[in-house]
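Spelled out from the first residue to the last, the chains are:
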Amino acid sequence: MSEKILIGVAWPYANGSLHLGQIAGAYLPADIFARYHRIKGNEVVMVSGSDQHGTPITIKAEQEGKKPAEIADKYYREFLDSWQRLGISFDLFTTTGTANHASVAQDIFLTLLKKDYIYKSSMSQPYCPRCQRFLPDRYIEGTCPYCHSPGARGDQCDACGQPINAAELIEPLCRICGASPEIKDTEHFFLKLSAFQDRLSDWAERQNHWRPNVYSLTRRYLKEGLRDRAITRDLEWGVPVPVDGFEHKSIYVWFEAVIGYLSATREWAKSTGDEEKWRSFWQDKEAKSYYFIGKDNIPFHTLIWPAMLMGYGDLNLPYDVPANEFLTIEGRKLSTSRNWAVWLPDYLSRYDPDSLRYLLSINMPETGDTDFSWREFVRRNNDELVATYGNLVHRVLTFTYRNFDGSVPSAGELDSQSQALLKKAEETLNTVDGFLYRCHFREAIRSAMSLAQEGNRYLDDKSPWKAIKEDSQAAATSLYVTLGIISSLKTILYPFLPFSSQRLHEFLGFKGSVEKNGWQIQLPPAGQRLLEPQPLFTKLDEKLVEEESSRLGQ
Ligand SMILES: [Zn+2]
Ligand SMILES: [Zn+2]
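Residues numbered from 1 in each chain as written. Chains lettered and ligands numbered in written order. Predicted model: local features only at pLDDT ≥ 70, side-chain atom pairs only at ≥ 80, totals over all residues. Heavy atoms only, no water.

1. Some thoughts on the coordination of the zinc ion (ligand 2)
For clarity, the cut-off: Listed donors are limited to N, O and S atoms within 2.8 Å of the metal, widened to 3.2 Å for Na, K and Ca; water is not among them, so incomplete-looking sites are possible. Geometry is assigned from donor-metal-donor angles: four donors are tetrahedral when every angle falls between 85 and 135 degrees, four are square planar and six octahedral when opposite donors sit over 155 degrees apart with all other angles between 65 and 115, and any other arrangement is irregular. Labels follow the DSSP assignment, with helices taken as runs of H or I lasting at least four residues and strands as runs of E lasting at least two, numbered in each case from the N terminus.
Within the protein, the zinc ion (ligand 2) binds to Cys128 (SG), Cys131 (SG), Cys174 (SG) and Cys177 (SG); these donor distances fall in the range 2.3 to 2.4 Å. The site at the zinc ion (ligand 2) holds 4 donor atoms, and with the angles between them running 101 to 116 degrees, its shape is tetrahedral. Counting gaps between the donor residues of the zinc ion (ligand 2) yields the pattern C-x2-C-x42-C-x2-C. Here cysteine 128 is found in strand S4 (residues 118-128), whereas its partner cysteine 177 is found in the loop between strand S8 (170-174) and strand S9 (182-191), with 49 residues between them in sequence.

Written out as structure tokens, the structure is:
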């Protein structure tokens, strides 16, 4: 029975390049999960898009003297290119700027309004007397009322992660002109989150399969009590509020961006020629939805989006929200404004995508923050990817190719060591399966790598390069077994290392894609022609550590 898996991934703001923190936090785990379910034969739809509304875009546009749409479009195209080069296999990566998205978002808005889950009220908002405008959250800076850090924005404090109402900021200042804002009344719509307190508590309580950080943070918010939140704002750049008298206001970006998961699935369905296909991922009770996001986004996906879905009705609630912790860079908190970040397009212009996928998988910030350093990048690439996995593959392929006429040799009788190793491959496939099913990515790849280590030990023990002189059948048998091991590794590692897995699949003489072969141990049959082998990975020069580190913070 194939499963239906909807994978929603965080919507990046289209105001700057992607960086490794976002990749480790959401995009890579989502892609591993999608590839795993696809190779298992399950039905997957993985969607996201660039978030092109809100003040992050208007601020960037003002800084560069461009229109918000130009900024949004430039980064949207860059994101598509990055996904392709890193192998992030979206079924659809769209934007919040489509007519489809606006109409789905407005439908949800109007339905919740009709059901009294949205109401109109006036609120006090900061107004800059010098600029003569209401100031959206991100146009105000001040001191955080929770942790007292300076430089907190009007929507969130980066230091403590707490969402903030702009009016709560201590000593607020206008970001455009530096004046002190006045407080003025303005009319807005509010989401009645308080109406969902009991239903959300009952529901969240039962989600024992959530990661401990996600589960406990969600329960903490519920315990503090949910407050109604404004969902419209005084800003024209956004999805229009579909109500008369609100022509100069728009729907708040956090409210409409989460709706993107639904609108993107509908857009994807249309593109497949079966417009109604989205229903099987959103309305079929057996379908599961997973949301891959960074930890700063947890309450939006475990409380606010579920409340909106409950209010609208007849749409599946999230099954899991495997939010990751943060990636630090060279031991320090990542900061895009201080350029303390590794930018994805820069990385991809210089290095192999699978090397990064490997490092970020084996060091994924699943249960706590982890650190990226260039020294570790080189070490893991050279000592693990090249020396353990790549070397095993290269030794067995080149030796077989040269000595057995470019074909898979026939095995003689398998001794107990050979049988044990093939059994270990089968066990690793099952172990990794279990880990991936539960979104334990780090443990999954570690267990796969231990099979590569066992393969190396076996090959050293059997030493076919010595055996071939006295007993060519013994050499043939050990090569046949080791070819089986590397063939197993290409399948087991496929969700993590799709590019090298596909190359290895072809070196082993298989046709088509690894994914089509399914999640199974596939021993190359005797007589199958091999392709002339090339190294799977490249050793990196230690010198790059200094070069790359010197770019940080510049
Ligand atoms: Zn704070
Ligand atoms: Zn001002």
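2. Topic: the layout of surface pockets
Applied cut-off: Computed over the protein atoms alone on a 1 Å grid, cavities are sets of points where a 1.4 Å probe fits but cannot get out and pockets are open sets with protein on both sides within 12 Å along at least five of seven lines; a residue lines them when it has an atom within 4 Å of a point. Grid points are joined across faces, edges and corners, and a volume is the space filled by probe spheres set on the points. Amino acid classes used here: Ala, Val, Leu, Ile, Met, Phe, Trp, Tyr, Cys and Pro are nonpolar; Asp, Glu, Lys and Arg are charged; the rest, including Gly, are polar.
Within this model, the second largest pocket holds a volume of roughly 370 Å³. Forming the walls of the second largest pocket are 17 residues, and the residues nearest its centre are Pro163, Tyr221, Gly225, Arg227 and Arg229. For the lining of the second largest pocket, the secondary structure elements donating two or more residues are helix H6 (212-224) and helix H9 (298-312). With 4 residues, H9 is the largest single contributor of residues to the lining of the second largest pocket. Class assignment of the residues belonging to the lining of the second largest pocket gives a composition of 10 nonpolar, 3 polar and 4 charged.

3. Overview of the environment of leucine 544
Keep this limit in mind: Accessible area is worked out with a 1.4 Å probe on protein chains only. A residue is then buried under 20% of its type maximum, exposed over 50%, and partly exposed in between.
Considering the arrangement of structural elements, one finds leucine 544 in helix H19 (residues 543-551). Leucine 544 sits in the buried class, given a relative accessible area of 7%. Once the C-alpha coordinates of leucine 544 and proline 12 are considered, the two residues, 532 residues apart in sequence, prove to be 29 Å apart.

4. Observations regarding the side chain of asparagine 382
So the rule is basically this: Pairs of N or O atoms are called polar contacts if they sit within 3.5 Å, as long as, within protein, a hydrogen donor faces a hydrogen acceptor (for residues adjacent in sequence, only side-chain-to-side-chain pairs).
Within the secondary structure, asparagine 382 sits in helix H12 (residues 374-403). A distance of 3.0 Å separates polar atoms of two side chains, one belonging to asparagine 382 and the other to asparagine 381. In terms of polar contacts, asparagine 382 uses its side chain to reach the backbone amide nitrogen of leucine 540, at 2.8 Å.

5. Observations concerning the nonpolar core
Quick note on the threshold: Note on terminology: a nonpolar core comprises buried Ala, Val, Leu, Ile, Met, Phe, Trp, Tyr and Cys residues joined through side-chain atoms within 4.5 Å. Whether two residues are in contact is decided by their heavy atoms: any pair within 4.5 Å suffices.
By size, the foremost hydrophobic cluster in this structure holds 168 residues, and its most contacted members are Ile7, Phe255, Trp282, Trp305, Phe372, Phe377 and Tyr389. If you tally residues by element for this core, the top one is helix H1 (residues 20-39), at 12 residues. Residue contacts for tyrosine 389: discarding those within four places in its chain leaves Glu384, Met449, Ala452, Leu489, Lys490, Leu493, Leu497, Leu504, Leu536 and Phe537. Of all hydrophobic cores here, the second largest spans 13 residues; its members include Ile59, Cys144, Ile164 and Ala179.

6. A look at the coordination of the zinc ion (ligand 1)
Protein coordination at the zinc ion (ligand 1): the donors are Cys144 (SG), Cys147 (SG), Cys157 (SG) and Cys160 (SG), at 2.3 to 2.4 Å from the metal. Angles of 106 to 114 degrees at the metal separate the 4 donor atoms of the zinc ion (ligand 1), which places the site in the tetrahedral class. All donors of the zinc ion (ligand 1) belong to a single chain; written as a sequence motif, their spacing is C-x2-C-x9-C-x2-C. You can see cysteine 144 sitting in the loop between strand S6 (140-143) and strand S7 (152-153) and its partner cysteine 157 sitting in the loop between S7 and S8, a full 13 residues away along the chain. Cysteine 157 matches cysteine 144 in its accessibility class, with the two residues each being buried.

7. Considerations on H1
Note the following rule: Note that the bend at a residue is defined as the angle between axes fitted to the seven residues ending at it and the seven residues starting at it.
The largest bend along H1 measures about 40 degrees and falls at tyrosine 27, with the proline proline 29 one to four residues further on. Of all 20 residues that make up H1, 19 are buried, and the element is covered over most of its length.

8. A short note on the sheet that holds S4
Put simply, the rule is: In this analysis, strands are considered paired if DSSP registers two or more bridges between them.
The strand order across the open sheet formed by 4 strands is S5-S4-S9-S10, and the pairing between neighbours is antiparallel. On the outer flanks of this sheet lie strand S5 (133-134) and strand S10 (229-230), each paired with one strand and no other. Bridge analysis of S4 against S9 gives 10 bridges, and the strand direction is antiparallel. Within S9, the residue paired with lysine 120 across the bridge is phenylalanine 189.

9. Section: the packing of aromatic side chains
Our working rule: Two aromatic rings from Phe, Tyr or Trp, using only the six-membered ring of Trp, form a pair when their centres are within 6.5 Å; if the ring planes differ by under 30 degrees the pair is stacked, by over 60 it is edge-to-face, and anything between is tilted. When the NZ atom of lysine or the CZ atom of arginine is within 6 Å of a ring's centre and also within 35 degrees of its normal, the charge is said to sit over that ring.
Counted according to the given criterion, the structure contains 37 aromatic pairs. Centre to centre, the rings of tyrosine 76 and phenylalanine 93 are 6.0 Å apart; their planes meet at 10 degrees, and the pair counts as stacked. Taken together, the positions of tyrosine 76 in helix H3 (residues 68-86) and phenylalanine 93 in strand S3 (residues 92-95) put the pair 17 residues apart, joining distant regions of the chain. According to the relative accessible area criterion, phenylalanine 93 is buried, its value standing at 6%. When the ring of tyrosine 351 is compared with that of phenylalanine 377, the centres are 5.5 Å apart and the planes differ by 65 degrees; the resulting orientation is edge-to-face. Here tyrosine 351 is found in the loop between helix H10 (344-350) and helix H11 (353-362), whereas its partner phenylalanine 377 is found in helix H12, with 26 residues between them in sequence. Of the two residues, tyrosine 351 and phenylalanine 377, neither departs from the other in class, the shared state being buried. Among the aromatic residues, those joined into a ring-pair cluster are Phe33, Tyr36, Tyr290, Phe292, Tyr319, Phe441 and Trp519. Across from the ring centre of tryptophan 254, 4.7 Å away, lies the NZ or CZ of arginine 229, which sits over that ring.

10. Digging into the environment of phenylalanine 90
Its place among the elements puts phenylalanine 90 in the loop between H3 and S3. Here phenylalanine 90 falls in the buried class, since its relative accessible area comes to 15%.

11. Side note on the sheet that holds strand S1 (residues 4-9)
To summarise the sheet geometry, strands pair through backbone hydrogen bonds and adopt either a parallel or an antiparallel arrangement. To keep it simple, the criterion reads: Axes, fitted as lines to C-alpha atoms, cover a helix only where it is in contact. Angles between the N-to-C directions of the axes lie from 0 to 180 degrees.
One open sheet accounts for 4 strands, arranged S3-S2-S1-S13; its pairing is parallel. The open sheet has two edge strands, S3 and strand S13 (288-292), and neither has a second partner. Across the sheet, the axes of successive neighbouring strands diverge by a mean angle of 20 degrees, strand direction being ignored. Along the sheet, H1 contacts S1, strand S2 (43-50) and S13; its crossing angle with S1, the most-contacted strand, is approximately 165 degrees.

12. With respect to the pattern of salt bridges
What counts is decided by this rule: Within this document, salt bridges are pairs made up of a side-chain nitrogen of Lys or Arg and a carboxyl oxygen of Asp or Glu, the two lying within 4 Å of each other.
This structure, assessed with the given rule, holds 33 salt bridges. Glutamate 64 is the salt-bridge partner of lysine 60, the closest N and O atoms lying 3.3 Å from each other. Here the residue lysine 60 and the residue glutamate 64 both occupy positions in helix H2 (residues 55-64), the gap between them amounting to 4 residues, near one helical turn. For aspartate 81, the salt bridge identified is with arginine 85, shortest N-O distance 2.9 Å. Of this pair, aspartate 81 and arginine 85 both sit in helix H3, 4 residues apart, which is roughly one turn of the helix. Linked by salt bridges that have partners in common, Arg138, Arg153, Asp155 and Asp158 make up one network.

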